Amino acid sequence: MRYIEPHGHMVSRTTNDYQDMATAGCVAVCEPAFWAGFDRSSARGFYDYFRQLTDFEPKRAAKFGLQHYTWLCINPKESEDLTLADEVLAIIPEFLSAPTVLGIGEIGLNKNSRNEIKVLEKHVDLAAKHEQLILVHTPHLEDKLKGTRLIVDVIKNDKRIKPERVIIDHVEEHTVKLVLDEGLWAGMTLYPESKCTPARAIDILEMYGTERIWMNSACDWGVSIPLAVPRTALEMRKRGHAEDWIDKVIYQNPVQFMSQSRRFQIKA
Ligand SMILES: [Zn+2]
């Protein structure tokens, strides 16, 4: 089995996780910028985080034969503070030239507030100006449908952004069609407790097909499973799906989306 982990917060994981992922067939892991579990006190905290994402993690992953790519932003949870958000947005461009940066992410909404929407628009503008791909986080269950609609509107309103260069992550049964119908990509997050379980994710693939869709573990410092993607692939085999069908979802699709950035070069 070969696969890509398109959304893993590896700064929160141990080297054993890298080793397990490589053993299971992981070729590359892509790490969007994320909330640390606590609010950072200044833009310098983000500066150091971006150094960790662009310099330290690629080296740590390489020790296990894994390629590591990243996405940069201030996450929606911390973007309520507009001054801090502007300061962080101002330091992102200097990191965009790093060889492993694929784009701006994971941006989006958390509580669907006005300030969050303003910061989302600024990130979309930054992506357009620097011709970056976009990875979007959608809010948790109770606000997901409304939040997804708001996000799709912001993206559609910026005519410089091509929908096929944007992935909307953490889709579920009630948001996947809305995203795919707009020509955007959709990501499904495999969590043991919330978001999609493996069984639900496979149901969604069986209902909506395998075009413009991927799966990720979104493993972070919370309850999550770094091997969720290969484990779901085993579940697909159990259901009798063909190897090429599985390979398309867990390998070919992430490669197709991320290869829209010249930076993404699979060595395997
Ligand atoms: Zn995430």
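Residues numbered from 1 in each chain as written. Predicted model: local features only at pLDDT ≥ 70, side-chain atom pairs only at ≥ 80, totals over all residues. Heavy atoms only, no water.

**What about the sheet that holds strand β6 (residues 166-168)?**
Part 1 of the argument: The strand order β1-β2-β3-β4-β5-β6-β7-β8 describes an open sheet built from 8 strands, whose pairing is parallel. The open sheet is flanked by β1 (3-5) and β8 (213-216), the only strands paired with a single partner. With strand direction ignored, the average angle separating the axes of adjacent strands in the sheet is 25 degrees.
Part 2 of the argument: Of the pairings in the sheet, the one linking strand β3 (residues 67-72) to strand β4 (residues 101-108) comprises 3 bridges and is parallel in character. (Pairing = 2+ DSSP bridges. Helix = DSSP H or I, 4+ residues; strand = E, 2+ residues; numbered from the N terminus. Axes fitted to C-alpha atoms, helices over the stretch in contact; angles between N-to-C directions.)

**Observations regarding the side chain of E57**
Part 1 of the argument: Relative to the helices and strands, E57 is located in helix α2 (residues 43-62).
Part 2 of the argument: With a relative accessible area of 1%, E57 lands in the buried category.
Part 3 of the argument: One polar contact links E57 to Y18, side chain to side chain, over a distance of 2.5 Å.
Part 4 of the argument: With near-sequence residues (within four places) excluded, E57 lies in contact with M10, V11, Y18, E31, Q52 and H68. (Buried < 20%, exposed > 50% of the residue type's maximum accessible area, 1.4 Å probe, protein only. Polar contact = N/O pair within 3.5 Å; in protein donor to acceptor, adjacent residues only side chain to side chain. Contact = heavy atoms within 4.5 Å.)

**Description of the coordination of the zinc ion**
Part 1 of the argument: Protein coordination at the zinc ion comes from H7 (NE2), H9 (NE2) and E106 (OE), with a distance range of 2.0 to 2.2 Å.
Part 2 of the argument: Donor residues for the zinc ion, ordered by position in the chain, follow H-x1-H-x96-E. Pair noted here: H9 is in the loop between β1 and α1 (15-23) and E106 is in strand β4, with a separation of 97 residues, a long-range link. The same class applies to H9 and to E106, which are both buried. (Donors = N, O, S within 2.8 Å, 3.2 Å for Na, K, Ca; no water.)

**Quick look at the pairing of strand β7 (residues 185-189)**
Part 1 of the argument: With 5 of its 5 residues buried, β7 lies for the most part within the structure.
Part 2 of the argument: Burial along β7 is two-sided: the residues W185, G187 and T189 and A186 and M188 are all buried.
Part 3 of the argument: Bridging between β6 and β7 involves 2 bridges; their strand directions are parallel. Bridge pairing links I167 to W185 in β7.
Part 4 of the argument: The handedness of the β6 to β7 crossover, carried by helix α6 (residues 176-181), is right-handed.
Part 5 of the argument: Inspection of the sheet shows β7 paired to β8 by 4 bridges, in the parallel sense. Looking at the pairing, A186 lines up with I213 of β8.
Part 6 of the argument: Crossover connection from β7 via helix α7 (residues 198-208) to parallel β8: handedness right-handed. (Right-handed = clockwise from strand over helix to strand, strands pointing away.)

**Points about a negative patch on the surface**
Part 1 of the argument: There is a patch of like negative charges on the surface, built from D39, E80, D81 and E87.
Part 2 of the argument: With respect to the helices and strands, E80 occurs in the loop between β3 and α3 (82-95). (Patch = residues over 30% accessible without salt bridge, like charges linked within 9 Å, V, L, I, M, F, W, Y side chains within 5 Å. Areas by Shrake-Rupley, 256 points an atom, 1.4 Å probe, with all protein chains shown as cover. Salt bridge = Lys/Arg side-chain N within 4 Å of Asp/Glu carboxyl O. Lys, Arg positive; Asp, Glu negative; His and termini not counted. Charge placed at Lys NZ, Arg CZ, Asp CG, Glu CD.)

**Thoughts on the packing of aromatic side chains**
Part 1 of the argument: The full count for this structure, using the stated rule, is 10 aromatic pairs.
Part 2 of the argument: Taking 6.1 Å as the distance between ring centres and 20 degrees as the angle between the ring planes, the aromatic pair formed by F34 and W221 counts as stacked. A residue pair is termed long-range when its members are at least 10 positions apart, and F34 in the loop between β2 (26-32) and α2 and W221 in the loop between β8 and α8 (228-238) qualify at 187 residues.
Part 3 of the argument: Residue classification places W221 among the partly exposed residues on the basis of a relative accessible area of 43%. (Phe/Tyr/Trp six-rings, centres within 6.5 Å; stacked < 30°, edge-to-face > 60°.)

**Considerations on the side chain of S261**
Part 1 of the argument: Turning to its location among the elements, S261 is positioned in the segment after α9 (243-258).
Part 2 of the argument: Look at S261 and you get buried, because its relative accessible area is 9%.

**Here's the deal with unusual backbone geometry**
Part 1 of the argument: Note the cis peptide between G105 and E106, where omega equals -10 degrees.
Part 2 of the argument: Here the phi dihedral of E131 falls at roughly 50 degrees; this positive angle occurs in a residue that is not glycine.
Part 3 of the argument: Positive phi outside glycine occurs at R212, with the angle close to 55 degrees.
Part 4 of the argument: Assignment of secondary structure puts R212 in the loop between α7 and β8.
Part 5 of the argument: Classification of R212 by relative accessible area gives partly exposed; the value is 26%.

**Examining the environment of L96**
Part 1 of the argument: Checked against the element boundaries, L96 lands in the loop between α3 and β4.
Part 2 of the argument: Taking the C-alpha atoms as reference points, L96 and Q132, 36 residues apart in sequence, are found 8.7 Å from one another.

**Brief notes about helix α5 (residues 144-157)**
Part 1 of the argument: For α5, with 14 residues, the first-to-last C-alpha span of 20 Å sits near the 20 Å given by 1.5 Å per residue.
Part 2 of the argument: Regarding α5, the residues found buried are K144, G147, T148, I151, V152, V154 and I155. Buried residues along α5 cover an arc of 160 degrees about the axis, so they all sit on one side. Residues of α5 that are exposed and angled more than 90 degrees away from the buried face: K146 and N157.
Part 3 of the argument: On its buried face, α5 sits against β4, α4 (114-129), β5 (133-137), β6 and α6. (Expected span 1.5 Å × (residues − 1). Arc of directions from axis to C-beta.)

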